[in-house]
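Examining the three-dimensional arrangement
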2 protein chains.
Amino acid sequence: MDSEEQRIGGCLPRIRSVVTGLTKAEQKVAEYILANPAKVINLSITELAETTGGAEATIFRLCQKLGYKGYQRFKIALAGDLYTPAESVCKEVDPGDSLSVVAGKVFQSINEGLQDTLKIINQAALEQAVDLLAAARRIDAYGSGGSAVIANDIEHRFMRFGMPVRSYADPHMQISSAALMEPEDVVIAISHTGSNRDLLDSVKMAKASGAKVIAITSHMKSPLSKLADISLYGTAKETEYRSEAMASRLVHLAIVDVLYVGVVLRMQDRIGDNMEKIRQAIAVRRV
Amino acid sequence: MDSEEQRIGGCLPRIRSVVTGLTKAEQKVAEYILANPAKVINLSITELAETTGGAEATIFRLCQKLGYKGYQRFKIALAGDLYTPAESVCKEVDPGDSLSVVAGKVFQSINEGLQDTLKIINQAALEQAVDLLAAARRIDAYGSGGSAVIANDIEHRFMRFGMPVRSYADPHMQISSAALMEPEDVVIAISHTGSNRDLLDSVKMAKASGAKVIAITSHMKSPLSKLADISLYGTAKETEYRSEAMASRLVHLAIVDVLYVGVVLRMQDRIGDNMEKIRQAIAVRRV
DNA sequence: AATTACAGTGAAAATTTTTTTCATTTTTCA
DNA sequence: TGAAAAATGAAAAAAATTTTCACTGTAATT
């Protein structure tokens, strides 16, 4: 009966994360909403259609794509976002800032990204991802460029409890490995935009091999999230000196943390030993 | 035009304050709203009238008495009250926690780490580090294990503005590279504990070659920070399921962000071109 | 006690807004 | 290139809202 509980807030981050996956007409509306959320609250769907030069139906469909029953529900969720003062205090870095001020702003914006991500996080998807990972026979992490860092981190992290996990930044290695995947194997594909061609090819190959695919990306409705079995989204606002991709890295890493903790919780008994072994092995290398 | 800006939130307190001055039928409605605000959000005026046994008109008049233009505006304001921003309790992760609770706790603990780091951040050290990096002829980033991820990130990041930067996780590579360093070159050495022997050897070698060394570590007074010219510290509390090393990674990455932004600010003119070139190169690889 | 005035109420009409449908246009992919 | 799919907007249908108005009961006045 509470299945259709209304979720208040988290509306703007959600728009931000799907905006690239929207159609042209929808994007125009979405951008207007992002730019003028406070005005939109006071507009009817007809007025908003006029303002953005679109049709009511387009806006209605956008609301549904965002996960709301209709325009009214959307507006109620939007009201939640507007109420939080945190959203509006987005400070840009200023050339005159001292470095400790810069540090404050950068840290603040990281935290905002985390909070936004928390708002749109999909519990069911997380749950499934952890299930898959905990049961996986083998795990491959694919990520190029900035996302290679995340893939690498996954390798380090999950290796700690004795899982056969490898990370590949090189597209050729990715696709070779993907070809050898089997059911019960899991691929974690990381891409900020979710539109990297090489990565998509590798993911297709992995799926053809029967492996399950978990995507970590910033853009909902991206080609990657369409291909993946499970998609986990991390959002972050772009600021003048902090590109979107820059902010998203940290959020993606935080998502990996959550997966890690989730798997740890699910595997409590099995892993203790492996972790201890590694801890000892590292200690020897210390002064 | 904007004279009738919509006030969001503060709706329930307002009802409470006027409730005695309302008529009988209105009071019945007001009390229902106070008791079930979350339900009301999902009811139309007709449904609410049915539920409370009143008439639509009564509810409408109530909304106006409360200072709203009508029922819709009232509901939007109510949504603001219902919105509770991050009720995250900063406790340990519990085996019984749902994954969205886990996510909240993990994110919260990341943020705490960032805040703690902000408190101990040394502006002068940051300033010097940025100076060195901005003027560097060549940059090497050394980090093994979990810190290899950070080193990698540095490579990706600073490469973007055309700096000759390389990251090395392999101790042999580190020391080989260190042997070839020259004055005006900079080494960034990353180690959570600051006690990794191989890393210390490489750092000594780099110093012998005349290079400057910036350390990123979690432990003050570690052998690494004694060797380094400049030390940047990132703290993070260890929790039961989140090892100290795990939390520190994100903090170290955040410090890299600060360095990056700092260097960008210092080099505004020079870098624009390089960044644009890379952005274009990446765009081609996208669908 | 009867009359009047009037705030309170709700049924129903009028209006506005939202939602659905469907034909047209545009895009995509083979 | 041409068939299929997706996107779009006009307009119809449905739903929600706001407004109107007549009725009720109460209180004040004569």
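Treat the numbers as computed from the prediction; the structure is a model and nothing was measured. (Residues numbered from 1 in each chain as written. Chains lettered and ligands numbered in written order. Predicted model: local features only at pLDDT ≥ 70, side-chain atom pairs only at ≥ 80, totals over all residues. Heavy atoms only, no water.)

As for the overall build of chain A
We count it as follows: Elements are defined by DSSP. Helices are runs of H or I of four residues or more, strands are runs of E of two residues or more, and each kind is numbered from the N terminus. Each residue is assigned to one of three classes by its accessible area relative to the maximum for its type, calculated with a 1.4 Å probe on protein chains only: buried under 20%, partly exposed between the two thresholds, exposed over 50%. Should any heavy atoms of two residues lie within 4.5 Å, those residues are considered in contact.
A count of helices and strands for chain A gives 13 helices and 5 strands. Burial analysis of chain A (287 residues in total) assigns 57% to the buried set. In chain A, the share of contacts with a sequence separation of at least 24, taken over all contacts with a separation of at least 6, comes to 71%.

Considering the pairing of strand E5 (residues 230-233) of chain A
Residues and elements named next belong to chain A. Here is the rule we go by: The criterion for strand pairing is that DSSP finds at least two bridges linking the strands in question.
Side chains Ile230 and Leu232 project from E5 onto one buried face, and the interleaved Ser231 and Tyr233 project onto a second face that is buried too. Where strand E4 (residues 212-217) and E5 come together, 4 bridges link them in parallel fashion. Counterpart to isoleucine 216 in the pairing with E5 is leucine 232.

Quick notes on the interface of chain B and chain A
Heads up, the rule is: Accessible area that two parts lose when put together, evaluated with a 1.4 Å probe and summed over both, is termed the buried area. Any carboxyl oxygen of Asp or Glu within 4 Å of a side-chain nitrogen of Lys or Arg constitutes a salt bridge here.
Taken together, the contact between chain B and chain A spans 72 residues of the former and 71 residues of the latter. Across the chain B to chain A interface the summed buried area is about 6,700 Å²; carbon plus sulfur atoms make up 67%. The interface formed by chain B and chain A holds 4 salt bridges in total. Linking arginine 249 of chain B and aspartate 257 of chain A is a salt bridge whose minimum nitrogen-to-oxygen distance equals 3.1 Å.

Quick word on the protein's contact with DNA strand D
Selection rule: To be near a molecule or strand, a residue needs just one of its heavy atoms within 4 Å of it. In protein, a polar contact requires one atom able to donate a hydrogen and another able to accept it; more generally it is a pair of N or O atoms within 3.5 Å, and residues adjacent in sequence count only if both atoms are side-chain atoms. Note on residue classes: Ala, Val, Leu, Ile, Met, Phe, Trp, Tyr, Cys and Pro are nonpolar, Asp, Glu, Lys and Arg are charged, and everything else, Gly too, is polar.
Taken together, 16 residues sit near DNA strand D, with Thr23 and Ala25 of chain A together with Ile45, Phe60 and Tyr71 of chain B positioned nearest. Counting only atoms of DNA strand D within 4 Å of the protein, the fraction found in sugar and phosphate groups is 70%. Measuring from a base nitrogen of DNA strand D, one finds a side-chain N or O atom of arginine 61 of chain A at 3.3 Å. Elements represented by at least two residues in the surface near DNA strand D include exactly helix H2 (24-35) and helix H5 (56-65) of chain A together with helix H4 (45-52), helix H5 (56-65) and helix H6 (71-82) of chain B. Tallied by class, residues from the surface near DNA strand D come to 7 nonpolar, 6 polar and 3 charged.

Side note on the protein's contact with DNA strand C
Of all residues adjacent to DNA strand C, which total 17 residues, the nearest are Ile45 and Tyr71 of chain A together with Thr23, Ala25 and Ala55 of chain B. Within 4 Å of the protein, the atoms of DNA strand C are drawn from sugar and phosphate moieties in a proportion of 72%. In this structure, alanine 25 of chain B approaches DNA strand C through a main-chain N or O atom, which is 2.7 Å from a phosphate oxygen. Of all the elements in the fold, those that place two or more residues in the surface near DNA strand C are helix H4 (45-52), H5 and helix H6 (71-83) of chain A together with helix H2 (24-35) and H5 of chain B. Along the lines of polarity and charge, the residues of the surface near DNA strand C split into 7 nonpolar, 6 polar and 4 charged.

Here's the deal with the sheet that holds strand E1 (residues 138-142) of chain B
Residue and element names in this part refer to chain B. Heads up, the condition is: Orientation is described by lines fitted to C-alpha atoms, with helices fitted over the stretch in contact, and by angles between N-to-C directions that extend from 0 to 180 degrees.
Taken together, 5 strands build an open sheet; the order of strands is E2-E1-E3-E4-E5 and the sheet is parallel. The two strands at the open ends of the sheet, each matched to only one other strand, are strand E2 (165-168) and strand E5 (230-233). Strand-to-strand, the axes of this sheet are offset by a mean angle of 15 degrees, without reference to chain direction. Sheet analysis places E1 next to E2, joined by 4 bridges and oriented parallel. The partner of alanine 141 across the bridge, within E2, is serine 167. Lying on the sheet, helix H10 (residues 171-179) is in contact with E1 and E2; it crosses E1 at an angle near 155 degrees.

Things to note about the packing of aromatic side chains
Threshold: Side-chain rings of Phe, Tyr and Trp (the six-membered ring for Trp) are treated as a pair once their centres are within 6.5 Å; stacked means planes under 30 degrees apart, edge-to-face means over 60, and tilted covers the remaining angles. In this scheme, the term charge over a ring applies when either NZ of a lysine or CZ of an arginine sits within 6 Å of the ring centre and within 35 degrees of the ring normal.
Evaluated as defined, the whole model comprises 8 aromatic pairs over all chains. Ring geometry for tyrosine 142 of chain B against tyrosine 168 of chain B: centres 6.2 Å apart, planes inclined by 55 degrees, an arrangement best described as tilted. Placement of the pair is tyrosine 142 of chain B in strand E1 and tyrosine 168 of chain B in strand E2, with a sequence separation of 26 residues. A connected cluster of aromatic rings, assembled from ring pairs, spans Tyr68, Tyr71 and Phe74 of chain A. In this structure, arginine 157 of chain A is placed above the aromatic ring of tyrosine 260 of chain A, and the distance from its NZ or CZ to the ring centre is 4.7 Å.

Brief notes about the sheet that holds E4 of chain A
All names here are of chain A. Spatially, the 5 strands line up as an open sheet ordered E2-E1-E3-E4-E5, and their pairing is parallel. Among the strands making up the open sheet, the edge pair consists of strand E2 (165-168) and E5. Direction aside, neighbouring strands of the sheet carry axes that sit 15 degrees apart on average. The strands touched by helix H11 (residues 197-208) are strand E1 (138-142), strand E3 (185-191) and E4; relative to E3, the strand with the most contacts, the crossing angle is about 165 degrees.

Observations regarding the pattern of salt bridges
Residues and elements named next belong to chain B. If you walk through the whole model with that rule in mind, you get 29 salt bridges over all chains. Residues lysine 119 and aspartate 116 are paired through a salt bridge, measuring 3.8 Å at the closest nitrogen-oxygen approach. Within this pair, lysine 119 and its partner aspartate 116 are both found in helix H7 (residues 99-120), separated by 3 residues, close to a single helical turn. A residue is classified by how much of its surface remains accessible, and lysine 119, at 66% relative accessible area, is exposed. With a closest N to O distance of 2.1 Å, arginine 266 and aspartate 131 form a salt bridge. Of this pair, arginine 266 sits in helix H13 (residues 244-266) while aspartate 131 sits in helix H8 (residues 123-135), placing them 135 residues apart in sequence. Given the relative accessible area of 39%, aspartate 131 is considered partly exposed.

Shape descriptors only; they carry no functional weight alone.
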